[in-house]
There are 2 protein chains.
Amino acid sequence: MRVLIVEDDPLHRSYLHEAVRAALPECDLVVEAENGQSGEIEARKARMEHVVMDLQMSERNGIEAARTIWRERPDTKILFWSNYSDEAYVRGVSRIVPEGATYGYVLKSASDERLKLALRSVFVESQCVIDREVRGIQQKSLGNAHGLTDAEYEILVDVALGLTDKAIAQRKRLSLRSVQNRLQQLYEKLDVYDLPDDGMEGWYNLRMRAVAVALLRKVLNSSALERAERELHDRGSS
Amino acid sequence: MRVLIVEDDPLHRSYLHEAVRAALPECDLVVEAENGQSGEIEARKARMEHVVMDLQMSERNGIEAARTIWRERPDTKILFWSNYSDEAYVRGVSRIVPEGATYGYVLKSASDERLKLALRSVFVESQCVIDREVRGIQQKSLGNAHGLTDAEYEILVDVALGLTDKAIAQRKRLSLRSVQNRLQQLYEKLDVYDLPDDGMEGWYNLRMRAVAVALLRKVLNSSALERAERELHDRGSS
DNA sequence: CTTTGTCCTGCGGAAACCCGCAGATTTTGC
DNA sequence: GCAAAATCTGCGGGTTTCCGCAGGACAAAG
């Protein structure tokens with residue numbers, strides 16, 4: 001068995017290396033990459049079928065790297081190992097996992113034991129292992145109590161990029177009014193109408209406030225924004 | 001000499017501990033704290049005069065912790081040790097440094113040597129040590145080529161929180177038009193008028209786009225947003 | 001087949017935004 | 001001390017948001 005480690009922090013990288021060695025004695029080769037860019041290259045070059053991947057790296061983050069790796073070999077087993085359980089990351093990951101692929105999502109705050117167990121479960125037993133906390137986020141984001149639907153999430157991203165209603169309508173092939181309808185739903189879901197103690201009305205610019213709340217709740221994060229921005233420019237020139 | 005380490009990642013914490021031991025043999029006590037909250041408490045309890053501080057921790061981030069520590073004992077020597085050189089962090093730090101205080105700012109990507117040298121320089125020699133890269137950001141943010149003035153930065157934060165022009169005017173004791181003037185300056189500085197290739201005009205909502213650009217350029221980040229949000233609520237109820 | 005629910009669409013208006021213009025005030029530099 | 005530069009302010013308008021109301025398309029349930 002060969003394992004590829006993609007992680008930008010040297011300390012975490014060597015810790016991971018150690019953990020892999022200890023948990024997977026049948027592993028005869030461990031390759032390290034220090035960002036998504038080179039991670040993709042290594043995966044392609046050595047046909048790695050087992051990857052431990054950090055999210056949040058410069059150059060090219062884990063989600064993008066995982067997507068291209070899975071696009072080339074959908075049977076690759078990927079264990080995501082991240083500091084955070086932001087809804088933006090969780091949503092980003094579930095968005096790109098191919099049909100039937102096996103993957104895991106463990107937090108860096110988890111114990112040694114949990115990490116090693118996850119390594120064996122995912123790589124050897126082909127079982128999906130999702131950290132309890134991450135699972136919770138996943139549920140909440142689907143259970144439509146406060147969770148956003150895909151439609152709402154997409155419009156949130158477009159708004160956050162700074163597009164006007166008209167621009168969004170054009171991009172999404174919708175009428176202006178429909179875009180505004182979705183925006184209103186979004187405003188409800190994000191409790192934008194809650195006033196800040198003082199009974200001041202008209203205190204908030206709803207459009208901007210919605211994005212602020214989304215950022216504070218980690219529904220959105222800057223890495224998701226960066227991805228969307230690149231996509232916007234690509235599509236814009238195609 | 002006694003040193004306090006405030007850092008949430010266990011691996012980085014023990015690495016730091018090691019580095020302090022090696023670089024400062026005259027140090028006879030090292031205390032560790034795993035977030036800003038307990039960092040403040042430890043600093044107060046043991047009257048620590050030397051602190052190594054991570055930025056970006058949950059609970060209470062390094063900037064806030066440093067501020068309260070410095071408020072109580074302005075002669076405390078603090079070495080910031082961070083993953084990022086976001087303009088938002090750099091600006092946040094310089095905003096809270098007391099007159100004549102000695103401090104340092106090193107990136108985690110720096111070498112062992114650099115870290116140890118910085119430890120000695122700041123704690124023993126009372127010299128300020130700012131990482132070259134961080135220094136660059138600092139210069140750029142002051143050199144008004146593309147850098148924002150304090151006034152512009154403050155309005156950016158208010159806008160990013162989702163306040164309306166009127167609300168900002170009230171908070172800042174300015175007329176509506178003055179707020180809008182500052183906004184226009186902001187739009188210029190952030191190149192919001194640049195259109196995305198396609199000659200589409202009216203494509204961007206300037207207010208939102210400005211914040212998006214600020215986030216993408218790391219002039220703003222979510223930790224700065226969180227801080228501002230708390231401040232908003234505190235002042236709102238006072 | 002009807003009903004119910006969900007989504008899209010157009011219309012119209014109140015409010016907020018963006019901004020040029022021009023006068024008043026303050027700050028800066030010499 | 002005075003001129004230049006930078007800021008603050010009010011006015012007026014064009015544009016964009018925000019949203020209630022009302023009608024149409026389509027699918028699922030009774």
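Residues numbered from 1 in each chain as written. Chains lettered and ligands numbered in written order. Predicted model: local features only at pLDDT ≥ 70, side-chain atom pairs only at ≥ 80, totals over all residues. Heavy atoms only, no water.

1. Some remarks on the relation of the copies chain B and chain A
For these two chains of identical sequence, chain B goes onto chain A by a turn of 180° and a shift of 0.0 Å along the axis, with RMSD 0.1 Å. In symmetry terms, the pair is related by a two-fold rotation axis. Closest approach to the rotation axis among the C-alpha atoms of chain B is made by Met208 of chain B, whose C-alpha sits 3.1 Å away. Most of the interface of chain B is mirrored in chain A, where 100% of its interface residues are also at the interface. (Least-squares fit on C-alpha atoms with pLDDT ≥ 70 in both. Contact = heavy atoms within 4.5 Å.)

2. Regarding the interface of chain B and chain A
Accessible area lost on assembly of the parts is the figure often given for the size of an interface. Facing the 37 residues of chain B at the interface are 37 residues of chain A. With both sides pooled, the region where chain B packs onto chain A buries about 3,300 Å², and carbon together with sulfur makes up 59% of that total. If you look at where chain B meets chain A, you find 4 salt bridges. Between Glu226 of chain A and Lys218 of chain B there is a salt bridge; the shortest N-O distance is 3.1 Å. Among the elements of the structure, helix H1 (10-23), helix H7 (150-161), helix H8 (165-172), helix H10 (206-216) and helix H11 (222-237) of chain B are those that each provide at least two residues to the side of chain B that touches chain A. By residue class, the composition of the side of chain B that touches chain A is 18 nonpolar, 11 polar and 8 charged. (Buried area = accessible area lost by both parts, 1.4 Å probe. Salt bridge = Lys/Arg side-chain N within 4 Å of Asp/Glu carboxyl O. Helix = DSSP H or I, 4+ residues; strand = E, 2+ residues; numbered from the N terminus. Nonpolar A, V, L, I, M, F, W, Y, C, P; charged D, E, K, R; others polar.)

3. Focus: helix H5 (residues 112-123) of chain A
Each α-helix turn comprises 3.6 residues. Residues three or four places apart therefore point the same way. All names here are of chain A. Between the first and last C-alpha of H5 there are 17 Å, a value that for 12 residues agrees with the 16 Å anticipated at 1.5 Å per step. The set of residues buried in H5 consists of Leu115, Ala118, Leu119, Ser121, Val122 and Phe123. The secondary structure elements touched by the buried residues of H5 are strand E1 (2-6), helix H1 (10-23), strand E3 (50-54), strand E4 (77-82), strand E5 (103-107) and strand E6 (129-130). (Expected span 1.5 Å × (residues − 1). Buried < 20%, exposed > 50% of the residue type's maximum accessible area, 1.4 Å probe, protein only.)

4. Quick word on the sheet that holds E6 of chain A
Whether parallel or antiparallel, the strands of a sheet pair through hydrogen bonds between backbone atoms. Residues and elements named next belong to chain A. If you trace the 6 strands from one edge of the open sheet to the other, you get E2-E1-E3-E4-E5-E6, paired in parallel fashion. One side of each edge strand has no neighbouring strand; the edge strands of this open sheet are strand E2 (29-33) and E6. Relative to E2, E1 runs parallel, the two sharing 5 bridges. Counterpart to Val3 in the pairing with E2 is Val30. (Pairing = 2+ DSSP bridges.)

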